[in-house]
Amino acid sequence: MTPAQLPVNTPLADPGASPPPQGWKWYDYFTFNVDHKVIGIQYLVTSFFFYLIGGAMAVAMRTELATPDSDFIDPTLYNAFMTNHGTIMIFLWIVPSAIGGFGNFLVPLMIGARDMAFPKLNAIAFWLNPPAGALLMASFFFGGAQSGWTSYPPLSEITANVAQSMWILAIVMVGTSSILGALNFVITILFMRIPSMRLDQSPLFCWAMLATSLLALLSTPVLAIGLLLLLFDINFGTSFFKPDAGGNVVLYQHLFWFYSHPAVYLMILPIFGIMSEVFPVYSRKPIFGYKAIAYSSMAICLVGLFVWVHHMFTSGTPPWMRLFFTISTLIVGIPTGVKIFGWVATMWGGKIRYTTSMLFAIGFLTMFVFGGMTGVTMGTAPVDIHVHDTYYVVGHFHYVLFGGSVFGLYAGIYHWFPKMTGRLLNEPLGWVHFALTFIGSNLTFLPMHQLGLQGMPRRVAMYDPQFTSVNQLCTIGAFILAASVIPFTINVVWSWSRGAVAGDNPWRALTLEWTTSSPPLIENWEVLPVLTHGPYDYGLNNSSPENLEPVAGSTSPS
Amino acid sequence: MKEIPSSILTLTAGVLITIISFWVGQHHGLMPEQASEQAPLVDNLFNVMVMIGTALFLVVQGAIIVFMIKYRRRAGDDTDGLYIEGNLPLEAFWTAIPAAIVIFLGIYSVDVFDNMGGLNPGDHGMMSHHHVQPAAVVAQAPSQPAIAADTAAPLIEPQAPYARYGFGANPDQMGKPPALSVNVTGMQYAWLFNYPGGVVTGELHIPAGRDVQLNLSAKDVIHSFWVPQFRLKQDALPGQPTELRFIASKPGTYPVVCAELCGSYHGGMRTQVIVHTQADYDQWWASTQVAQAPDQEQTIAVRPSDLSAPEFLAPYAEQVGVSSAALAHLKHHHQGGTMISHLPASPES
Ligand SMILES: [Cu+2]
Ligand SMILES: [Cu+2]
């Protein structure tokens, strides 16, 4: 099927089959279903399940690190948890929930399409994820991969070979899923918008998904190559990365980071997109600088392809590389700054409603600005020489990936849950969730910067006793973070069946997904919507009666 | 808020933020003590970034908090905010600010990197042509293979291969050979320091104020040699020589940490570097010569005493080809506070 053959504005259902059902039943979500909304929710629920598993591993690690000696779990198991915590959080939680979950659910709804360009491919892409996760879980019967999510050879070639091979296969599977998904998004966003919507009238989330998908298409194949060579080295006697047989260990690092730096943007660009939707709705203001935010996504995508060696400043890299990649890394700060200033300016002059979604969005801003600052310090080779592979780095990327990506995912869930399920999440429970998450994440990740600067390396099951008290602070924070998931899970499970009925547009938002019912019809709309205003035209028509309905959940907590 | 008070408020906030940022940049106290000539260079760059970062964070965070309060929705107000889609001069301004900061930090970083010796790995000066022998410090010459090279091949690199990666001579030392060159080998889970003349230790001893070069290599997997107080780190890679050249500025004992994941006991791969005054160093060096002389024993210092877990020793012994019987015969001698163990030289080792 090519996009040209695709009848864009007509139903995709097989004409020979019986008429499609009016809504999906619960068991439809456990089947091979080609509806983008089902697939989106499948991604979100599956990835949340893996988030809990990855989180449990983190709690085990933080418990071990409450004392300097290795006394809670075996250091081998510690390394297996460390490796799989990173792998799961990246490849089975943030990437699939942000791109697969929100991307699939929202993109067609936001551009007025009835589905993605290639629905079957889309379902195949999703169904690569559960077996990949199962493979990772099963690898624990063989000790679990223990060489970090980076899997640098030679360590990865001499440690737990079976588990490492299963790990590689799992990553190649989710990588394939990511490539298929990316292809689908690019075609859908470029060719399936309703005719009245120009690309620069599409919601910023779509721009973010376009940039994300281009990046995934360009970088993921390189990771696959690196990992397959590693697989050959382990199982078939090749020696691409075996130094004693003429292989080169640094070559792997280049292949790995050529993908894995962009992977950072795969995990944050869709979140930027979510932010650009959430801030205008709850500030009741147009997004400040639409074009600047849209183009800065593309700029990050482009520059992001040329910064990967900043992960290798202490490795076998010549001086010119260390300096070239210092400069290119610093440049990423410019488009990122443009976005942050744009979101802050969106709040200026608004009428801000403190829904849980908005709280997480503001929390995201705070955390991400901090993580961005520490990122700049590490981007320069002289400082990175000191902090590379230390807890400073662990603190930094958790500010960006937890404070950034996960806060953004929560903001997105509270915002679109009513659209997905037809019911509102409970707001007071949401505030509790936010408070626990905000306190827990800062308590866990802020002290880590000090640990790293003072001399504690990362990926250790045992450490110098001088770091004990600060580590215990981090451990307490981790327990609070673990607790924060409880009110959220209760909220989701309870609200899904018993929450207040949301209506079509509980937040009075202007993007197209709010023009259909909640949850949307199987083919999204009976009659496709017509574009009457831009996605962020808040305040343009202040006197129109439809704007004066109360907004759900907008009552102040007092 | 009225026009004039608000501009005075902004001015006051600006002055306050500037003062706070300068103060935080100088007094954050996050870095460990400085014990190498590179350390102040790195710290100055870091402090400048902490200062700029604090200012930016306060401005952005301050704006968020002020906006959160000032622009909160009032009860009963269901209207929208102002219809403002952007402001080109403002957007150009806040693109230019980070751009200017980035240009400044870029130039500054290159300068620091150069002064640290980062541009000259592999600059070994005249070392390969002259046997330089500063007081009690032996520079290793290729024409004179280390004595122990024959008897302890697996442990001792006879001559460090030409390293292209790492930190070399700083601009002042360019073209000069280092005063002391030590071959450093990383292995699961220990560092071995191989001195000219065949002295092998498990702790690094160096004189303060002298130009020291470490030639890094790894036996099994990648390790990373890090001394936080020196602000220097360089991976030890199997198959690719790297180096670290520096001048330790302050006598004392500092941790040597492996920073690259190298296996289950990666966290235990710690030892120390003892920076001596020149007199102390000479004494230490003499003691190693005495210890080595009597029956041509090869000197191996095993793990420092604070890492006593027996698990560490067994894999280490395997790695260096020492039989368990030999391990059992390890004799410990304490000499001037440094623990050096003697291992009878066996044909294989
Ligand atoms: Cu990166
Ligand atoms: Cu190591």
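Predicted model, so just to flag it, every value in this text is computed and none were measured. Throughout, residues of each chain are indexed from 1 in the direction in which the sequence is written. Lettering of chains starts at A and numbering of ligands starts at 1, both following the order in which they are written. With pLDDT at 70 or above as the cut-off, local features in this predicted model cover only qualifying residues; side-chain atom pairs require 80 or more to be listed or tallied, and sums for whole chains, interfaces and linings still use all residues. As a rule here, side-chain values come from all non-hydrogen atoms in the structure, and water together with hydrogens is ignored.

### Re the overall build of chain A
Logical step 1: Of regular secondary structure, chain A possesses 15 helices and 0 strands.
Logical step 2: Both definitions apply: the radius of gyration is a C-alpha atom measure, and the globule rule equals 2.2 Å times residues to the power 0.38. At 23 Å, chain A has a C-alpha radius of gyration in line with the 24 Å of a compact globule built from 558 residues.
Logical step 3: Burial classes: relative accessible area under 20% of the type maximum marks a residue as buried, over 50% as exposed, and values in between as partly exposed (1.4 Å probe, protein chains only). When each of the 558 residues of chain A is scored for burial, the buried share is 67%.
Logical step 4: Contacts spanning at least 24 positions in sequence make up 82% of the contacts within chain A whose residues lie at least 6 apart.
Logical step 5: Counting rule applied: Lys, Arg positive; Asp, Glu negative; His and chain ends not counted. Taken as the charge location is NZ of Lys, CZ of Arg, CG of Asp or CD of Glu. Between the mean site of the 21 positive side-chain charges and the mean site of the 24 negative ones, chain A shows a separation of 9 Å. Helix and strand assignments follow DSSP, with helices taken as H or I runs no shorter than four residues and strands as E runs no shorter than two, numbered in order from the N terminus. By definition in these notes, contact holds between two residues if any of their heavy atoms fall within 4.5 Å.

### A closer look at a nonpolar patch on the surface
Residue and element names in this part refer to chain A.
Logical step 1: What makes a patch is a set of residues exposed beyond 30% relative accessible area and free of salt bridges, joined within 9 Å when like-charged and within 5 Å when nonpolar (Val, Leu, Ile, Met, Phe, Trp, Tyr). Accessible surface is estimated by sampling points in the Shrake-Rupley manner with a 1.4 Å probe; for residues, cover comes only from the protein chains shown. In what follows, salt bridge is the name for a side-chain nitrogen of Lys or Arg lying within 4 Å of a carboxyl oxygen of Asp or Glu. Residues Leu228, Phe232, Phe236 and Phe240 make up a contiguous nonpolar surface patch of roughly 370 Å² in combined accessible area.
Logical step 2: With respect to the element layout, Leu228 can be found in helix α7 (residues 204–235).
Logical step 3: The class of Leu228 is partly exposed, set by a relative accessible area of 34%.

### Section: the environment of Met116(B)
Logical step 1: Following the sequence through the fold, Met116(B) ends up in the loop between α3 (88–115) and β1 (165–167).
Logical step 2: Exposure remark for Met116(B): the relative accessible area of 0% places this residue in the buried category.
Logical step 3: Expressed as a C-alpha distance, the spacing of Met116(B) and Gln38(B), which sit 78 residues apart in the sequence, is 5.5 Å.
Logical step 4: If near-sequence neighbours (up to four positions away) are discounted, Met116(B) is found in contact with Pro382(A), Gln38(B), Leu41(B), Val42(B), Phe167(B), Gly168(B), Asn170(B), Arg231(B) and Leu232(B).

### Overview of the interface of chain B and chain A
Logical step 1: The partner chain A presents 97 residues to the 83 residues of chain B that form the contact.
Logical step 2: Here the quantity called buried area is the total loss of accessible area, with a 1.4 Å probe, experienced by two parts when brought into contact, counted for both. Summing both sides of the interface, chain B and chain A together bury roughly 7,500 Å²; the carbon and sulfur share of this comes to 68%.
Logical step 3: Of all residues in chain B, the largest losses of buried area upon contact with chain A belong to Asp80(B), Trp94(B) and Leu261(B), amounting jointly to 10% of the total for that side.
Logical step 4: Between the two partners, chain B and chain A, sit 4 salt bridges.
Logical step 5: Taking the shortest distance from any N to any O, the salt bridge between Asp80(B) and Arg284(A) comes out at 2.9 Å.
Logical step 6: Definition of a polar contact: a pair of N or O atoms within 3.5 Å, with one able to donate and the other able to accept a hydrogen when the atoms are protein atoms, and with sequence-neighbouring residues admitted only if both atoms are side-chain atoms. One can count 27 residue pairs in polar contact (both at pLDDT 80 or more) joining chain B with chain A.

### Some points on the coordination of the copper ion (ligand 2)
Logical step 1: The coordination sphere of the copper ion (ligand 2) contains the protein donors His223(B) (ND1), Cys258(B) (SG), Cys262(B) (SG) and Met269(B) (SD), at a distance range of 2.1 to 2.4 Å.
Logical step 2: If you look at the copper ion (ligand 2), its 4 donor atoms make angles of 92 to 123° with each other, and the shape they trace is tetrahedral. Note that water is not among the atoms considered, so a metal site may appear incomplete; the donors listed are N, O and S atoms within 2.8 Å of the metal, with 3.2 Å applied to Na, K and Ca. For a four-donor site, all angles between 85 and 135 degrees give tetrahedral; for four or six donors, opposite pairs above 155 degrees with the remaining angles between 65 and 115 give square planar or octahedral; all remaining cases count as irregular.

### Comments concerning the environment of Ala182(A)
Residues and elements named next belong to chain A.
Logical step 1: By secondary structure assignment, the location of Ala182 is in helix α6 (residues 161–191).
Logical step 2: Sequence separation between Ala182 and Leu446 is 264 residues; the distance between their C-alpha atoms is 34 Å.
Logical step 3: Setting aside residues up to four positions removed in sequence, Ala182 forms contacts with Ser213, Ala216 and Leu217.

### Regarding the pattern of salt bridges
Logical step 1: All told, the structure shown has 11 salt bridges over all chains when counted by the stated rule.
Logical step 2: For Asp80(B), the salt bridge identified is with Arg508(A), shortest N-O distance 3.3 Å. With Asp80(B) in the loop between α2 (39–70) and α3 and Arg508(A) in the segment after α15 (468–498), this pair bridges two chains. Both residues of the pair, Asp80(B) and Arg508(A), belong to the buried class.
Logical step 3: The salt bridge partner of Asp78(B) is Arg73(B), with a shortest N-O separation of 3.2 Å. You'll find Asp78(B) and Arg73(B) in the same group, each marked buried.

### What to know about the packing of aromatic side chains
Residue and element names in this part refer to chain A.
Logical step 1: Two aromatic rings from Phe, Tyr or Trp, using only the six-membered ring of Trp, form a pair when their centres are within 6.5 Å; if the ring planes differ by under 30 degrees the pair is stacked, by over 60 it is edge-to-face, and anything between is tilted. Applying the stated criterion across every chain yields a total of 64 aromatic pairs over all chains.
Logical step 2: An angle of 80° between the planes, with centres 6.3 Å apart, marks the rings of Tyr152 and Tyr252 as edge-to-face. One end of the pair, Tyr152, is in the loop between α4 (129–138) and α5 (155–158); the other, Tyr252, is in helix α8 (residues 249–283), and 100 residues separate them in sequence. Tyr252 matches Tyr152 in its accessibility class, with the two residues each being buried.
Logical step 3: A centroid spacing of 5.9 Å and a plane angle of 45° characterise the contact between Phe402 and Phe445, whose relative ring orientation is tilted.

### Here we look at the confidence of the model for chain A
Low pLDDT means the predicted atomic positions in that stretch should not be read closely.
All names here are of chain A.
Logical step 1: With 93% of its residues at a pLDDT of 70 or more, chain A shows a mean pLDDT of 90.
Logical step 2: Low confidence marks residues 1–17, where pLDDT is under 50. Its contacts with residues over four positions away, or in another chain, come to 24 contacts.
Logical step 3: On a scale of 0 to 100, pLDDT captures the predictor's confidence in every residue. Scored below 50 in pLDDT, residues 553–558 shows 7 contacts in the model against residues more than four places distant or in partner chains.

### A look at the nonpolar core
Logical step 1: Among the nonpolar cores identified, the biggest contains 241 residues, and Phe102(A), Trp343(A), Tyr195(B), Ile206(B), Leu214(B), Phe225(B) and Phe230(B) are the most heavily contacted of them.
Logical step 2: Tallying contributions element by element places α8(A) first for this core, with 21 residues.
Logical step 3: For Ile206(B), the contacting residues outside a window of four places in its chain are Leu180(B), Val212(B), Phe230(B), Phe246(B), Ala248(B), Val273(B), Ile274(B), Val275(B), His276(B) and Tyr281(B).
Logical step 4: One finds Tyr43(A), Ala123(A), Phe126(A) and Leu128(A) within the second-largest nonpolar core, a separate group that totals 7 residues. The nonpolar core is taken to be a set of buried Ala, Val, Leu, Ile, Met, Phe, Trp, Tyr and Cys residues, with the residues joined through side-chain atoms within 4.5 Å.

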